[in-house]
Amino acid sequence: MTSMTLDPPLTNLLPPDAELVAGVDTHKNTHHVAILDLVGRPVADREFRADGRGYAQIVAFLHTHGDVVRVGVEGTGSYGAGLARALTAAGLTVVEVARQDRQARRRRGKSDPLDAHQAAVAVLAGTDTAIPKSGDGAVESMRILLAERRSAAKARAQVMNQIHALLITAPELVRQVFRALSGQRLVNTLAKTRPGTIMSPDPEVVARQTLRRFAVRHLTMQAEIDLIEQQLEVLVRQVNPTLLSLSGVGPVTAATLLVAAGDNPERLGTRASFAALAGVAPIPASSGLTRAT
């Protein structure tokens, strides 16, 4: 563990009950924490390991320097997720800080201490900050399941494409047998074939064996997707069963909506805040003599 500072630490300038803010630059293996007072002066900064022990040390580090009223964490949905949960559990107020764009980094430079300091400045200014998802309830489980389902659905579609591609170039006898079939009927028929397991150099035999394995893989992915959707439906009924009563809304759509809001939907207090989250908020377009209508 190393200790790095942006400026010499303040000495005997802060009263014991002084309010502070902090910013955290998060990475896979380390987190860098910077503490500022409410006028933006650096108080302390330090690097910690990105694990449970490091999280506990960060909490102790923050408490040691005074009353930290808000902590800005970069990447609360990725590298900063574990830290955000640990800080919230310790009673600290966590806000999500957007990472600087490339243009800003070119102007100011790029280092972990600078990024942590800038995150704390953003917290102090109230710019590019948001309340993060808590990620500690049933909705977080839905997010995990949706990610798994996307992977399975992608694999299923890829297998179907491979089946069609092989049938285009397969020996004519193989093509004739399956030419009239498509979709799930084709998959079911291929899975029931018995081409044998004999090692043969004959392209017709190998094509039939490969097509059957493709079909079995497709059915396996489908079974996985069905199981995931059953789990999603159970979770959705626990969290918000009303969604499933809406026309056209199934377990996947309902889970997607709930994941967008997170386990703490109270952070989206208005329609405008949800519109901003969904990327459909109106953008001011007035400039010079041009006025938005």
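Keep in mind it's a predicted model, so treat the numbers as computed, not measured. (Residues numbered from 1 in each chain as written. Predicted model: local features only at pLDDT ≥ 70, side-chain atom pairs only at ≥ 80, totals over all residues. Heavy atoms only, no water.)

**With respect to the overall build of the protein chain**
- A tally of regular secondary structure across the protein chain gives 10 helices and six strands.
- Partitioning the contacts of the protein chain with sequence separation of at least 6, the portion at a separation of at least 24 is 61%.
- Per element, the accessible surface of the protein chain, about 17,100 Å² overall, is 55% carbon and sulfur. (Helix = DSSP H or I, 4+ residues; strand = E, 2+ residues; numbered from the N terminus. Contact = heavy atoms within 4.5 Å. Areas by Shrake-Rupley, 256 points an atom, 1.4 Å probe, with all protein chains shown as cover.)

**So, the packing of helix α5 (residues 138–169) against helix α8 (residues 203–239)**
- Interaxial distance between α5 and α8 falls to 9 Å at its minimum, and their mutual angle equals 160°. Judged by the inter-axis angle, α5 sits roughly antiparallel to α8. Considering only the axes of α5 and α8, their crossing is left-handed.
- Its residues assigned to classes, the contact of α5 with α8 shows 24 nonpolar, six polar and six charged. (Axes fitted to C-alpha atoms, helices over the stretch in contact; angles between N-to-C directions. Parallel < 35°, antiparallel > 145°, perpendicular 65-115°, else oblique. Left-handed = near helix turned anticlockwise from the far one by under 90°. Nonpolar A, V, L, I, M, F, W, Y, C, P; charged D, E, K, R; others polar.)

**Topic: helix α9 (residues 251–261)**
- Of the positions making up α9, those classed as buried are Ala-254, Ala-255, Leu-258, Val-259 and Ala-261. Mapping the buried residues of α9 onto a view down its axis gives an arc of 155°, with all of them on the same face.
- Elements that come into contact with the buried residues of α9 comprise α5 and α8.
- Of the residues trailing α9, Gly-262 is marked for its positive phi of about 90°. (Buried < 20%, exposed > 50% of the residue type's maximum accessible area, 1.4 Å probe, protein only. Arc of directions from axis to C-beta.)

**Some words on the pairing of strand β4 (residues 67–74)**
- Where strand β1 (residues 19–26) and β4 come together, six bridges link them in parallel fashion. Paired with Glu-19 across the strands is Asp-67, a residue of β4.
- Here β4 pairs with strand β5 (residues 94–97) via four bridges, running parallel. Among the inter-strand pairings, Val-73 is bridged to a residue of β5, identified as Glu-96.
- Viewed along the sheet, the connection from β4 through helix α2 (residues 81–89) into β5 turns out right-handed. (Pairing = 2+ DSSP bridges. Right-handed = clockwise from strand over helix to strand, strands pointing away.)

**Let's talk about the side chain of Asp-112**
- Note on placement: Asp-112 falls in helix α4 (residues 112–125).
- A polar side-chain atom of Asp-112 sits 2.9 Å from a polar atom in the side chain of His-27.
- Every residue in contact with Asp-112, bar those within four places of it in the chain, is listed here: Asp-25, His-27, His-32 and Glu-47. (Polar contact = N/O pair within 3.5 Å; in protein donor to acceptor, adjacent residues only side chain to side chain.)

**Topic: the pattern of salt bridges**
- Considering all chains together, one arrives at eight salt bridges under this definition.
- With a closest N to O distance of 3.0 Å, Asp-51 and Arg-49 form a salt bridge.
- Residue classification places Asp-51 among the partly exposed residues on the basis of a relative accessible area of 26%.
- With a shortest N-O distance of 2.9 Å, Arg-149 and Glu-229 are connected by a salt bridge. With Arg-149 in helix α5 and Glu-229 in helix α8, the pair connects residues that are 80 residues apart, well separated along the chain.
- Taking relative accessible area as the criterion, Arg-149 reaches 19% and is therefore assigned buried.
- A single salt-bridge network, built from bridges that share partners, covers Glu-172, Arg-175 and Arg-179. (Salt bridge = Lys/Arg side-chain N within 4 Å of Asp/Glu carboxyl O.)

**Here we look at the pairing of β1**
- With seven of eight residues buried, β1 lies mostly within the body of the structure.
- Inspection of the sheet shows β1 paired to strand β2 (residues 30–37) by seven bridges, in the antiparallel sense. Across the sheet, the residue bridging to Gly-23 is Ala-34, located in β2.

**A few points about the nonpolar core**
- Counting residues in each nonpolar core, the largest one holds 21 residues, and the members touching the most others are Leu-62, Val-71 and Leu-87.
- Those elements that provide at least two residues to this core are β1, β2, β3 (42–49), α1 (52–65), β4 and α2.
- The dominant element in this core, judged by the number of residues it contributes, is α1, at five residues.
- Sequence-distant contacts of Leu-62, defined by excluding residues within four places in its chain, comprise Ala-22, Val-33, Ile-35, Val-68, Val-71, Leu-87 and Leu-92.
- Ranked by size, the runner-up nonpolar core spans 17 residues in total, among them Phe-178, Val-187, Leu-190 and Ala-215. (Core = buried A, V, L, I, M, F, W, Y, C linked by side-chain atoms within 4.5 Å.)

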